[in-house]
Structures are given as structure tokens and as C-alpha cells.
Amino acid sequence: MVAVHLWSGLRALADGQEVVEVEGETVGQLLDALVAAYPGLEPAIRRGVSVSVDGQIIANNRHVKVAPDAEVFLLQRLYAG
Amino acid sequence: MSKIHVTTTINGDEVEYLCDPRETLLDCLRDRVGLTGAKEGCGTGDCGACSVTLDGRLVCSCLVLGAEAEGKEITTIEGMAQGDDLHPLQRKFIEHAALQCGVCTPGILVAAKALLEKNPDPTETEMRYWLAGNLCRCTGYDKIIRAVMDAAEEMREAS
Amino acid sequence: MALDTDTKTFKYIGTRPDRPDGLDKVTGRARFGADFSMPGMLHGAILRSPHAHAKIVKIDATRALALAGVKAVVTRADFPTGLTGEDWNIQENVMAGEKALYDGHAVAAVAATSQLIARDALKLIEVTYEVLPHVTDVDKAMAEGAPVIREGAADYSVPEGLHPNIVRYMDTGRGDLDAGFAAADLVLEESYKTEAAHQGYIEPHACVGQLGADGKGELWCCTQGHWFVRQMCTAVLGLEATQLRVTPSEIGGGFGGKTTVFIDPVALALSRKANRPVKIVMSRSEVLRASGPTSSASMDIKMGMTRDGKITAASGTFRMQGGAFPGAPVDVTTMLAFANYDIEHVHHIGYDVMTNRPKQAAYRAPGAPMGAFAVESMLDELCRQLDLDPIDTRLKNAVKEGTRATFGPKFPPVGLIETLEAARAHPNYGAPLGPNQGRGVASGYWMNWGGETSASVAIGEDGTVQVSVGTPDIGGSRASMALMAAEAFGVPYENVRVNIADTGTLGINEPTHGSRATFASGLATVEAAKEAIGKLCKRAADKWGIDAEAVTWEDGFAKPSGPNAGEFPPLGIAEIASEMGSTGGPISGHFESSPDGFGGSFGTHIVDLEVDPETGRSTILRYLVVQDAGKAIHPAYVEGQFQGGAVQGIGWALNEEYVYGEDGCLQNPIFLDYRVPVASDLPMIDTVIVEVPNPGHPYGVRGVGETGITPPLPAVANAVRAAIGVRMTQLPLTPPRVLAAIKGRG
């Protein structure tokens, strides 16, 4: 199980939780598992999120591997400028 | 509306073109004569990217009508180098990294050359005020001023 | 990714050679967007709404089409329907549908045999408008009763009951704000405003488009990102992606404003209708009215600090308008507003609001300068009231490796502390100040970007190297790519030619934006070089009859890796290349990825200025930029980014703003009235490059292009505060505003 931190605006869609534990070995699997557990998160995740894995920002890549003890944060989808 | 036939001298060469009375000298240089070095940045004489000299005087070519070039002598950026030999200003701009995107560079080089021909030893303040009519959005002007100062010094030593 | 810097000193990286395109750019030979023509070309012109908000009842182009020389007219009816999401937003912005949404919104376009005929034809197109009430201010656009830009544009995030102009809402943070503020010795609350600014690139948008009835097209344009142009044009016009080939010209500035499309789909639509290529060049007033300025922002900040300078809690509400479409970068503003500091209790609320203004586009660290202005102004005020040094206080709270960012994750290695220490040690920090003079300090951050990247290298028949990248060269990046390729291959810099390839030549590339080109195209160039080097070594191994693993590459030569591999004299790249054709064929390498591992860049600025008490005019006396580049590939161009960003920030702080009249129309669409800094406004801009290597790039590179514009807004405001004794909370600090503040202080 990987601990995924949600930003405060998403917590209401996950029963008020700041950290949600889900199964997954890659970023994509974690996101899919989040949506399966909390369908209310689906619009936000479909719109696009970036993910931080142990401090490394993964802008947009579903296949990056995530270790079971990794610290994962959902971030607003990053764009450049 | 019929076109006006203009005979003029550009960078030492006699040139003829036909222009609409409403066309600017900038339009004619770029679209009639094929000299695209001068750029239109604003069309209102505020940015200096279209700078050329007209009978030795620094002007914004977007504020001169194509028809006004009749019988005059025009120099543009294309006439600044002598064959393979770059003008010291051109060399110093490359050396000092005084350009980033390069679109304001032709206008600034023409303006700086006009300055140094008038005043071979300008102070930094004189240089900045002379070039105040040439906008640069990339460099913050620092390396441009250093390049002009360095070129001025080289030109003074050479003369 | 292993950092190559650990094990070597560089031969080429860090030097300052001439840029490869220098000769073209100082002689006027370089071809920018408007410098291109095609045989048979027509000239296009765009008819724009004179109203800020109006229903388009009818468009009658009969008289325009009857004008001699006019070959085609297009309106929205000539574009496909059925688009959704951002594709629809772009199409709606490129050519109005049912409503004109802002002063300058395109409603029709003409192609004719000359520029003048096209412009004359515009006057003959009759448009019937039904004028509607408009709103251009962000706070007014959120209020009950404000004119509605569009119903149903809000996304999932917006709570029930808010005005339809509010299209996105964000709420991020952590901790216990009440406890945090309770622990403070001083809590301040203040509201701040910034107005929209324009990137101000000297080169207006320009393109030549050709589109046939067979759906195949070519487009030449000035752009920061031609694959984005391809995607947007093909979406807006209903074409297949790879049937449009886009070639980038040299680009005369972009700063984010040329990462999208305004005129390109129009040129292509006119071309399809007229069956001839069509050139469109925007005028300066079209650029200001109808390309993509920044958002404007209205912000409320609250921060608490202990007597000895520790920030205990911070909260901010950020309201930003992005024109008549969703997209104000308030998500970034909220993410980065407090990101410089280690704060346990922090909360951000953000609103993305629509108004009757042009669709905003990115401008150098989009969203960050607004938040930095508010937060760094408040931090300055806290320091002032607690009698604390601004740099020492920032050092006390500064993030470093392992600090938990205000947006959640822990920071990798970063250089904020190093920039603060270098700023404090610089002679500018101790320069004496006279009457009416003040000093301001501020720090800022941009997280930078990786993004989709494809690059390739190929060995020429004489052993010289060609590099193809997809990131247009806005500021000298060809030199940096050439330096990295030279370093990787071990060949002289002069033997490397860098080309910016068109969309038909490489896989997808994101634009030159996000401070990503040196990082991502550079990384791809190095990786592509490694692939080619592997093949070069294999040719040597084959020639020597040994295993490829037994060959290494050093300084441009293949060498046996050790005495056991055999004794062979080194084989140079030129010699291997000369035999390529008969030893296995052409040698090249390529690399595609969307690299993460980009490292953010922190910066600290110090500005001294003098305010004229009779006119309110501020004159910059000294300006210092200290910023972390990770590894400066070509230091002169890194300094150039520092200086350019700082001066754009100075302009935004002191002079630049979009002025809308009561009629909702832009009052200052020319450079005379939209006043950007000129040479006589400024002194030399001092720079210090700090290098805290980014472990995510083989040479430690961090992007540097954007951070430089975030500290100047607050640094200048803090300096004015010091000079006149009044805190000004609304930008720009134009002479009339400063004069009013001086007079008001009594």
C-alpha cells in the first residue's frame, strides 16, 4: 500500500482524508486505484494531475515505478510557460 | 491608384522600385527591394527596430514614406559589414552576447553606428539616451551598452 | 541519474564561445516570421471587434469580396464544429462564434493580393453587433450581477452558488492556521493587486500558411513551439496531425506569449479557401489587444511571524482573471506563493475568473510574479515592523534539501540559501543610500520543466557533428546545445552544427518554455550523442577485431579500454566517419523522453532606487540578480536571462499595465503608451551565478529563464517603501500613483 497525500480541496471528495492508502506499483496504477476507491476524485484526476514521488516531480508519466514506502503527493497538473 | 516610381541609393547601390503612395520606406525595403534586415516592431516609430539612415540621418523607416526615398541615400543593416569584414559593433555584439533573440539587433546596430559617427567617445549616459529609441525586451540593455562601449574604444584606438 | 560533474572537469561547458547564429543575426540575414514569402502568396488581414462584449448578429462580406484583389473571406462558419475543452477554447479565441468576447476579438478575415487591399477590404465587411454589458475587472467579474461571459464553463472544482464567471477553484494547504497565527508575535493582513502586462516581444506574430483541399499543409511561423502549433491548428481546422508540417522561423522574443496560436489557423483557413499561400502579420496594436497578455490579480495575504523572525503561519486568497476563457495560472500562484519558506501551517485559496479581455497566455513564470509581489511585500513589512534584516530573516526561514514544501513534497537539493548568502555578501548590499533613496530585497522561485523531447545527432562524412533539436532558439540555446554535444563527443565546438528541425523531421517536442530547453533538449542531445558514440565505438571494435565492450570513447577518439583489449592507436571520429559508408552505413543517435528530474531555480534580487519627490518617478540606481543555475553551460547567456527577466519585472513593477476604459476597450495598445523599459531607464544589471547542481541532469543544469521575473515586482515595491515611507500595494508604481502616496503621507 502506498500513502498518497491529497491537496486540501480534494479531501472532501475522499471522506475528508488528507492521506489515502492505495495499491499500485506505478503512478498510473495509483491514480486508477484512487479513482476506484473514491469515484468523486475522477474529474480532478481526469483533468490531469502531477505527482511527486519522494520529492521528485513526475509531470505526466503513468509508468513511473513507485516503491511501497514512497511518499507520494498529488499536485495540480503542472504546465510550463 | 497608380504606383510611384522611385529611384534611390541603398547601401551605395542605385535601386528602383514601384510603390503605393501609402507604403512606408520600411514596407518598400522589405517587400520591394528584398532587404528584410529592418523589422516592423510597432509601425508607430516607438521601437526603433526599423532604424535606417536617410541622407546620413538616423530615422525610423516606418515613419518615412517609400516615395520620400526618391533621390536620397539610404543605409541599412545589410550595408554595415564590408564584405567578410564585420563592423566592430557587429563583432562586439557577438563577443559580448549582446543579443538574445536578435530581432532588435539590426536597428540597434544602425543606431549605434550613427551615434559613434557623430560622437566617437560617448559616456554611458549619452549612449543610453541615444539608444532610448531602440527597444530590446530580451537583454535588459546591459550587454548591449558594454558592446557599444567596447566597439567605441576599439574604433577610437584604430583612428 | 548519475551526475557526470562528479567525475570530470569540463573542457567546453562553462566557456563563452560565439553563438553559431551570431553572424546571421548581426547582419540582418536571419529570417524571422515576417521575413518569409512563398510564390503566389496572398496577404491576410483580420477584422476585429470594436466592442468588449457583443452578440454577432450578422456578417456580410459581399462588398469586401467585390473589391478587386480580394480572393477569400473566412468567418467561424469556415471552421469545423464539435470541438471540446481547450481545443474549443482556442478555436473560439482564434475566430469568434456567437459573441465577440473582448475588444479586438477576431470576427472575420480577408486574403487579398496586397496588404493594403486586404486592409481596405476589412472596412467593407459589414458586421451587425448587439452590444452587451461588459466586465474587465477580476473582482467585479465575480460579484453578483456581473455580466456573464459564458454559462457552464466552470469545472468540477467550483463550489455551488458562485458566479458563472468563476471557472476553477483551488484549495491547498496543511496544518492548523489558527494555532500558527496564535504562535506569532506579529500578524499582518493586507490586500494586493497587479494589473495585466504583455510579454512585449519586439517581433509581432507572423506566419505564412498553405493548406490544400487534400488536407495537407505547410506553415512557416515565429513560435516557441511548432509541435504545439501543429496540434492546435490541426485540432481547430479538423486536420490530421502529421499532414501539417510546421517550420519555425527565427523568433523575435516570446517569453511564453508565442506558445499558442492566434493567426496561424486563420492563415491556413484563408489559404484553403483561396487555394494560395496566405501571409498574416499582426500589427503592434493587434498584438497588444488580441494576443495573450497575463492575468491580473487581486490577492489577500495574512502572515504571522515571531519576534525573532520565524514565520509561523501564512494564508492567501488569490483571484485572477485570464480573459474570456479558463486558464488564469492561479494554480501555479497558489503553489508557489509561499514556496520559498519552511512554513508548517499554510493555506491557499485560488479563483480562476473570466472577463471580457483577451485569452491570457504564459509570460515568464506565469502566475508566480503576482504571488511573489504580495508575499515578499508582506514579508518585507513584517521585517520592517519587527526591525529585522530582510536577508537574515529569509535565511532563517529558507527552504533547503529535505524541507517539506508548502505545496507538499520534500525539496531535492536547491539553492535559495546560497543565493541569499551571495546577495548578502555582495558590495551592493552595503552601498550607501542618500535622500529619497531606498533598497528592496526579494527572493523568488520557479520549478522549471521537462516535457516531451525528441532530438537526434548525426555524424557528417568529415567527422563533424550535426544536432537536430525541436526547441526554437530564443536566446542563444544553439550555443548551449553545441557545447553539450562538443563535450559529449569530445570534438571542438566549431565542429558542431545545431539545427532547429521542423515537425516533419523529429518526434514531438514541447516548446521552448518552462525554462526547459537547456535542460531537456540538452539532456536529449547528450543521450543521443551517447547512442552515436556507442556506434562509433562498435565501428572501431569491428576494425580492431575486438568486442565493443572493450572500446571506450575519449576526447573524440575510440580507444581500447585497457591493456587487455589490445594495443591499437586511437581512432578519431573523422577517420571512422570517412569509412562509414563501407563499414555499416550512416552513424546517428536519437533520444526521446519526457524527462523528470528538472530542478527548480531560486533567485534573490537587491535593488536600490531613488524616487523624485516632485514627480513620483523612480530611477533604478543599482540592481543585483543572484540566481542558481545548477551548472551554467554558457555563462554569458545565463547572465542574459537573469538581466532580461529582471528588466521585464522592473517594467511590470514601475510602468506596465493594461488600461481599460469605461467602454471595456484597451486604451494603450501601442508602445508609446504601454511603456516598457528603455536603455535610459536603467543602470548595468549586476549578476552572480550560483551553482547548486541539479542531480537530474548529466551536467547539473537547472533552467534559468523564468525565475528572474519573480523577485523584481516585490523588490522594487520594497525599495519604494524604503524610499518614500509608504507601503504601496497596487502595481504598477507609476509616477502619478507614487506622487499621490507621497502627498498622502502628510
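Throughout what follows, the structure given in this document is the object of discussion. What you see is a predicted model; the values in this text were computed from it and never measured.

### Quick look at the sheet that holds strand β20 (residues 551-554) of chain C
All names here are of chain C.
Then comes step 1: Ordered in space as β20-β21-β22, the three strands form an open sheet in which the pairing is antiparallel. Every interior strand has two partners, whereas the edge strands, β20 and β22 (571-572), have only one.
Then comes step 2: Examined bridge by bridge, β20 and strand β21 (residues 557-560) share four bridges and lie antiparallel to one another. Residue pairing across strands places T552 opposite K559, the latter belonging to β21.
Then comes step 3: Helix α15 (residues 517-544) rests against β20, β21 and β22 of the sheet, and its axis sits at about 125° to β20.

### Some details on the interface of chain C and chain B
A common way to express how large an interface is: the accessible area buried when the components associate.
Then comes step 1: With 53 residues of chain C at the interface, the matching set in chain B holds 46 residues.
Then comes step 2: Summing the contributions of chain C and of chain B, the shared interface buries around 4000 Å²; its carbon and sulfur component is 59%.
Then comes step 3: If you sort the residues of chain C by the area they bury against chain B, V26, I202 and M684 of chain C come out on top, with a joint share of 19%.
Then comes step 4: Linking chain C with chain B are five salt bridges.
Then comes step 5: R22 of chain B is the salt-bridge partner of D120 of chain C, the closest N and O atoms lying 2.8 Å from each other.
Then comes step 6: Linking chain C with chain B are 23 residue pairs in polar contact (both at pLDDT 80 or more), by the criterion used here.
Then comes step 7: Sort the elements by how many residues they give to the side of chain C that touches chain B and helix α18 (residues 635-654) of chain C lands first, with nine residues.
Then comes step 8: Here the residues of the side of chain C that touches chain B sort into 28 nonpolar, 16 polar and nine charged.

### A few points about the side chain of T234 of chain C
Residues and elements named next belong to chain C.
Then comes step 1: With respect to the helices and strands, the residue T234 is situated in helix α7 (residues 226-237).
Then comes step 2: For T234, a relative accessible area of 6% puts it in the buried group.
Then comes step 3: Engagement of the side chain of T234 in a polar contact is seen with the backbone oxygen of R230, the distance being 2.7 Å.
Then comes step 4: Discounting residues that sit within four places of it in the chain, T234 has contacts with L239, E240, A241 and L244.

### A word on the environment of V720 of chain C
All names here are of chain C.
Then comes step 1: Among the secondary structure elements, V720 is positioned in helix α19 (residues 712-724).
Then comes step 2: Relative accessible area serves as the criterion here: at 0%, V720 is assigned to the buried category.
Then comes step 3: In this structure the C-alpha to C-alpha distance between V720 and D608, which are 112 residues apart in sequence, comes to 8.9 Å.

### A look at the packing of aromatic side chains
Ring pairs (aromatic) are described by centroid distance and by the angle formed between their planes.
All names here are of chain C.
Then comes step 1: By the definition in use, this model includes 14 aromatic pairs over all chains.
Then comes step 2: On the basis of an interplanar angle of 80° and a centroid distance of 5.2 Å, the ring pair of F10 and Y699 is categorised as edge-to-face. Of the two residues, F10 is situated in the segment before α1 (22-27) and Y699 in the loop between β26 (685-690) and α19; the sequence distance between them amounts to 689 residues.
Then comes step 3: Note on Y699: relative accessible area 2%, which makes it buried.
Then comes step 4: An angle of 45° between the planes, with centres 5.8 Å apart, marks the rings of W449 and F598 as tilted.

Cut-offs applied
Residues numbered from 1 in each chain as written. Chains lettered and ligands numbered in written order. Predicted model: local features only at pLDDT ≥ 70, side-chain atom pairs only at ≥ 80, totals over all residues. Heavy atoms only, no water. Pairing = 2+ DSSP bridges. Helix = DSSP H or I, 4+ residues; strand = E, 2+ residues; numbered from the N terminus. Contact = heavy atoms within 4.5 Å. Axes fitted to C-alpha atoms, helices over the stretch in contact; angles between N-to-C directions. Buried area = accessible area lost by both parts, 1.4 Å probe. Salt bridge = Lys/Arg side-chain N within 4 Å of Asp/Glu carboxyl O. Polar contact = N/O pair within 3.5 Å; in protein donor to acceptor, adjacent residues only side chain to side chain. Nonpolar A, V, L, I, M, F, W, Y, C, P; charged D, E, K, R; others polar. Buried < 20%, exposed > 50% of the residue type's maximum accessible area, 1.4 Å probe, protein only. Phe/Tyr/Trp six-rings, centres within 6.5 Å; stacked < 30°, edge-to-face > 60°.

What is shown is where atoms sit, not what they do.
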